[in-house]
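Structural features, examined
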Amino acid sequence: MKKHLLWSWGFVTVQAILFALIMFVGEQDIKPPAVVALIGGFLLAIGAVVLGISVYNLRKSLTALPLPVKGGSLQSDGLYRYMRHPMYSGILGLTFGYAMVSGSSLKYLFAFTLLGLFILKALYEEKLLAKKYKNYTKYKQKTPMFLPFTKF
């Protein structure tokens, strides 16, 4: 269990560093076309809504760590009916939207790095969820990871 705790805190630490980099590093080096800024604003709004709903859906099972919560339950309702990791999807919507609005190529780089981290974190988390919840494998087979109505 110590190994899982160490890995979990590692993921969360790198995630926090990437959030800080996205927020505070990277001057505008390209002026985004109006349509890109508009799409970025839309992603920011959708990301905030998805994040808020997914936090509400999890309630007592909510944790920043990719470890199943003691006394928690497998969440497969609400947004979790359409994607396995809507919280990550919401955060990615926020970060990519912010990169698009900001016009900073560094913010794009950090957002793509965060996407890679979330894929690794989700795969790690899913191994632990499959051990805890016998129905997880079936849920995983029918529910996309990040984007509803896709294979991803």
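Refer to the structure presented above.
A brief structural summary.

About the thresholds
Residues numbered from 1 in each chain as written. Predicted model: local features only at pLDDT ≥ 70, side-chain atom pairs only at ≥ 80, totals over all residues. Heavy atoms only, no water. 1 Å grid on protein atoms, 1.4 Å probe; cavity = no way out; pocket = protein on both sides within 12 Å on 5 of 7 lines; lining within 4 Å. Points joined across faces, edges and corners; volume = space filled by probe spheres on them. Helix = DSSP H or I, 4+ residues; strand = E, 2+ residues; numbered from the N terminus. Nonpolar A, V, L, I, M, F, W, Y, C, P; charged D, E, K, R; others polar. Buried < 20%, exposed > 50% of the residue type's maximum accessible area, 1.4 Å probe, protein only. Contact = heavy atoms within 4.5 Å. Polar contact = N/O pair within 3.5 Å; in protein donor to acceptor, adjacent residues only side chain to side chain.

1. Some details on the layout of surface pockets
Here the largest pocket defines a volume of roughly 380 Å³. What lines the largest pocket is a set of 26 residues, and nearest its centre among them are Leu 58, Ser 61, Tyr 80, Glu 125 and Leu 129. The set of elements that each furnish at least two residues to the lining of the largest pocket consists of helix 3 (86–102), helix 4 (105–132) and helix 5 (136–142). Across the lining of the largest pocket, the residue classes break down as 16 nonpolar, seven polar and three charged.

2. Points about the environment of Leu 18
Checked against the element boundaries, Leu 18 lands in helix 1 (residues 2–24). On the basis of relative accessibility, which here comes to 6%, the residue Leu 18 falls in the buried class. Considering only alpha carbons, one finds Leu 18 and Val 49, 31 residues apart in sequence, at a separation of 21 Å. Not counting residues up to four positions away in its chain, the partners in contact with Leu 18 are Phe 110, Thr 113, Leu 114 and Leu 117.

3. Comments concerning the side chain of Asn 57
Assignment of secondary structure puts Asn 57 in helix 2 (residues 34–58). Exposure remark for Asn 57: the relative accessible area of 13% places this residue in the buried category. Of the polar contacts made by the side chain of Asn 57, one reaches the backbone nitrogen of Leu 79; its length is 2.9 Å. In this structure Asn 57 touches Gln 75, Asp 77, Gly 78, Leu 79 and Tyr 80, once residues within four positions along its chain are discounted.

4. A word on the side chain of Gln 75
Along the chain, Gln 75 turns up in the loop between helix 2 and helix 3. Here Asp 77 takes part through its backbone nitrogen, which lies 2.9 Å from a polar atom of the side chain of Gln 75. In contact with Gln 75, not counting residues within four places along its chain, are Asn 57, Leu 58, Tyr 80 and Tyr 139.

5. Observations regarding unusual backbone geometry
Not every positive phi belongs to a glycine, and Arg 59 is a case in point at roughly 40°. Assignment of secondary structure puts Arg 59 in the loop between helix 2 and helix 3. In this structure, Phe 149 takes a positive phi of about 65° despite not being glycine. By the secondary structure assignment, Phe 149 is in the segment after helix 5.

6. Some remarks on the environment of Ile 53
Within the secondary structure layout, Ile 53 lies in helix 2. The exposure class assigned to Ile 53 is partly exposed, which follows from its relative accessible area of 37%.

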